[in-house]
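# Geometric and topological summary
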Amino acid sequence: MTLFERVFNGSDDMFNMAVKAVDEAIAKYGEDKAVSLPNTAYGIPCLYAFTAKKYDTLGAIKNEALPAIQEMMVKENRLHHVFTSGIATALSAEVLETMKYVMNDGNKPYDDKYHGHMSDAEIRELGVPLVTDDIPGVAVLIGPAPSKEIAADLIKGYQAKGIMVFMTGGIIDQAIEANVNMGFKIRVVPCGPELESVIHVVSVAIRAALIFGAIQPGDYDGILAYTKDRVKAFVNAFAPLSDRTVGCGAGAIALGFPVITDDKENTWSVPKSLIIYDGYENYIPASIEARGIKLKITDIDVPIAVAPAFEGEIIRRGDMQIEANGSRMDAFELVRTLDASEVEDHKITLIGKDLDEFEVGSRINLAYVVDIAGKAMQPDFESVIERKIHAYINQCEGIMHTGQRDMITIRVSKAAFEAGWRAKHFGELLWALIKNEFEKVCDKCQVTIYTDPEETARLRHELAAATYEKRDERLGSLTDESVDVFYTCTMCQSFSPSHVCIVTPERLGLCGAVSWLDAKATKELNPEGPCQIVTKDGPRDERLGRWDGVDAAVNQYSRGAVEKVTLYSIMEDPMTSCGCFECICGIEPMSNGVVIVNREFTGYSPIGMTFGDLASMTGGGVQTPGFMGHGKNFIPSKKFMAAEGGVERIVWMPKALKEEVAEKLNATAKELYGIDNFCDMIADEETAADEEALMAFLTEKGHPALGMDPMM
């Protein structure tokens, strides 16, 4: 049997399974039963992307979607038809998986050990690490592997290189047997028990094209070009490969994802697309090379793995060797700029007891002071580097870090301790990563670690607190009016080609990760990189926040896709959004205000739209008057929607978000409008689930938006 015939047979098999599943669902619920996958604005995403239709009932799937898939299954020995049959296999798998959700009343149809369908919010959460190459690639493992040891070695090997791992089939049980830690947060995702669950990975790639790339549904060639050029994924599939697996493999290759397999008995090598290896030690380098993935290599002298894939790891109290907690003990982290004569490069000093001198489960005092010297180093960069410490420590397998400054919590697991992690390794880690990432400004770096209670207490109050206070005064003085230039951030253009953020002191990047100081430092570190100077030439409209220099920069760096932008308005030429924004605000006509929804909130806003619904209108680098993506810390800014009246327009937010920004937002409202406890006037999901309840709440509270001029 030829490879083409195997693809066609696999496509037929998956399609027939989908037909059977749809018929069973119709027999139970009838053709009028509403259908969609949960927590996505795209209904059944891959079907929608390739056909430009939302099939929202079982009858529509039966009578429209399945015939559309069947039309793609042309059995002619031409490469185009092999690829379309591969895509048809994937779409049939999506129908099959969707029916599992339907038959389980919309809930996940698997045990909790499987993740299943990924929400739009989860995909947007991956946006920043994907564009920054903290996730340099995506591995899709279809198993079982020949043994649980091989499965674990591959998973951990990819994870240690920062590559995100998705699994489907028997390899998941092998990973469980081998005690591999799994979960979306640590980027090792068990999709589902059967082959068809691989569609949930495909759906991530397809929705990335819609969310970030502004690819329009129905643009078959555009979707394939986007996934090939911008989604660095590949497949490892283990022998024996079924015809259905071969059919799915053809779909993967059509999307630009090479397949590496050990099934040399029943498959044939296709250069750069279908690669056969029987030595599993070759899988990782072969996969990385086949997909053209570039890895960040840093040699760090520590006894545990270090990679961004470990950033979401949670260390439970029972698994904890020691804890440092700034709210209970003296713990802090500080970066200082010193003269070159005061810094000895790679000097690591411990003052106090080492970790093996504390009892298991101890709470200890822990601080580290990082001294940096460099000709291009500036005090403004201290806080930028300091904030990176959170990510650096979280990248260590078995170590957890939360917070910043002197309100940090660090947990070292028993496993990391038993592997040899000691206090000095905090210094080795920070020295290596700071020197690597900030080499343009960091000529010399030394780290002093403190565990001595008297020293940590003294330094926390005499050194750290004074430094933080001085920085806060500096940051407080930074306003859009007080600086001569703004900066672009085009980091997300690897996913969203026409989007440009304009970063100002009072408006950080919409992802929440790039402040004006971050952008300034990035420009110093990488002069030709994503952050370029934007002049404030030719002020056009102070109210809207429009300058000729800003328009010119947006036009240049969006390659003409966006001609002009305002920085303080959501109604007139608002700034574009890539898709990985932390929040999105949208106009609420009845109240004459705006609602704000953050990515973590999965419910409906009073305008009847979820975060995903709102986000689907604004991503991909397009301007949508009345809607705007933004960072959480932009909400309390004095420049937030300043052209339309500012923060007084905010009428609804999810409760958790409101609590997160309350202190700063209340302070802004008090300063600008004399309103005390403004957040008490803002409704949330507990006080207003629809427009009528919202209006009643706002009227009762006397919300100022009700008396403001119409926005439209």
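What counts and what doesn't
Residues numbered from 1 in each chain as written. Predicted model: local features only at pLDDT ≥ 70, side-chain atom pairs only at ≥ 80, totals over all residues. Heavy atoms only, no water. Pairing = 2+ DSSP bridges. Helix = DSSP H or I, 4+ residues; strand = E, 2+ residues; numbered from the N terminus. Axes fitted to C-alpha atoms, helices over the stretch in contact; angles between N-to-C directions. Phe/Tyr/Trp six-rings, centres within 6.5 Å; stacked < 30°, edge-to-face > 60°. Lys NZ or Arg CZ within 6 Å of the ring centre and 35° of its normal. Core = buried A, V, L, I, M, F, W, Y, C linked by side-chain atoms within 4.5 Å. Buried < 20%, exposed > 50% of the residue type's maximum accessible area, 1.4 Å probe, protein only. Contact = heavy atoms within 4.5 Å. Salt bridge = Lys/Arg side-chain N within 4 Å of Asp/Glu carboxyl O. Polar contact = N/O pair within 3.5 Å; in protein donor to acceptor, adjacent residues only side chain to side chain. Parallel < 35°, antiparallel > 145°, perpendicular 65-115°, else oblique. Nonpolar A, V, L, I, M, F, W, Y, C, P; charged D, E, K, R; others polar. Expected span 1.5 Å × (residues − 1).

One open sheet holds the four strands; their spatial order is S22-S20-S21-S23, and the pairing between them is mixed. Both outer strands of the open sheet, strand S22 (627–630) and strand S23 (650–652), are each paired with one neighbouring strand and no more. The mean angle between the axes of side-by-side strands here comes to 35°, regardless of whether they run parallel or antiparallel. The pairing of strand S20 (residues 583–588) with S22 spans four bridges and is antiparallel. Residue pairing for S22: Cys585 is matched across the bridge by Met628.

For the structure on display, the rule yields 17 aromatic pairs. Through a chain of ring-to-ring contacts, the aromatic side chains of Phe212, Tyr226 and Phe495 assemble into a single cluster. We note Arg422 situated over the ring of Phe417; from NZ or CZ to the ring centre the distance is 4.0 Å.

Within the largest apolar cluster, 204 residues are counted, with the highest numbers of intra-cluster contacts made by Ile61, Met99, Trp421, Ile650 and Leu665. Filtering out sequence-adjacent residues up to four positions away, Ile61 remains in contact with Val22, Val35, Ile44, Tyr55, Leu66, Pro67, Val95 and Met99. Counting residues in each nonpolar core, the second largest holds 29 residues, with Leu37, Leu141, Ile163 and Val180 among its members.

Another aspect to go through is unusual backbone geometry. Leaving glycine aside, a negative phi is the common case for residues, and trans is the common case for peptide bonds. For the bond running from Gly143 to Pro144, omega is 20°, close enough to zero to count as cis. Along the polypeptide, Pro144 turns up in the loop between strand S1 (138–143) and helix H6 (148–160). A cis amide bond links Ala239 with the next residue in sequence, Pro240, at an omega value of -5°. If you check the backbone angles, Asp105 has positive phi at about 55° while not being a glycine.

Under the definition given, this model contains 39 salt bridges. With a closest N to O distance of 3.6 Å, Arg422 and Asp356 form a salt bridge. Here Arg422 is found in the loop between helix H13 (414–418) and helix H14 (424–437), whereas its partner Asp356 is found in the loop between strand S9 (348–351) and strand S10 (362–363), with 66 residues between them in sequence. Residues participating in the shared-partner salt-bridge network are Glu97, Lys100, Glu194, Glu196 and Arg244.

A separate point is the environment of Ser577. You can see Ser577 is positioned in the loop between helix H17 (548–557) and S20. Through-space distance from the C-alpha of Ser577 to that of Ala615 is 9.0 Å; in sequence the pair is 38 residues apart. At 3.2 Å, the side chain of Ser577 forms a polar contact with the backbone nitrogen of Gly629.

Once that is clear, we can look at the packing of helix H5 (residues 120–131) against helix H8 (residues 199–211). Between H5 and H8, the least distance of the axes is 10 Å, while the angle of their chain directions is 75°. Compared by their axis directions, H5 and H8 come out roughly perpendicular. Judged by residue contacts, Asp120, Ile123 and Arg124 of H5 engage Ser203, Val204, Arg207 and Ile211 from H8. Looking at the contact of H5 with H8 residue by residue, the classes come out as three nonpolar, one polar and three charged.

To continue, consider H14. Over its 14 residues, H14 runs 20 Å from end to end, which matches the ideal 20 Å to within 8%, given 1.5 Å per residue. Where burial is concerned, most of H14 is hidden: eleven out of the 14 residues are buried. Every buried residue of H14 is listed here: His425, Phe426, Gly427, Glu428, Leu429, Leu430, Trp431, Ala432, Leu433, Ile434 and Lys435. The secondary structure elements touched by the buried residues of H14 are S9, strand S11 (366–373), helix H12 (380–394), strand S13 (409–413) and strand S14 (444–450).

Take the pairing of strand S21 (residues 593–598) next. With six of six residues buried, S21 is to be regarded as a mostly interior element. Examined bridge by bridge, S20 and S21 share six bridges and lie antiparallel to one another. Its bridge partner being in S21, Ile584 is matched across the sheet by Val597. What sits between S20 and S21 in their antiparallel hairpin is a turn of four residues, with Asn592 showing a positive phi close to 65°.

A separate point is the side chain of Thr245. Within the secondary structure layout, Thr245 lies in helix H10 (residues 243–254). Accessibility expressed as a relative area gives 12% for Thr245, which makes it buried. Not counting the four nearest positions on each side in its chain, Thr245 is found in contact with Ile142, Leu195 and Ala237.

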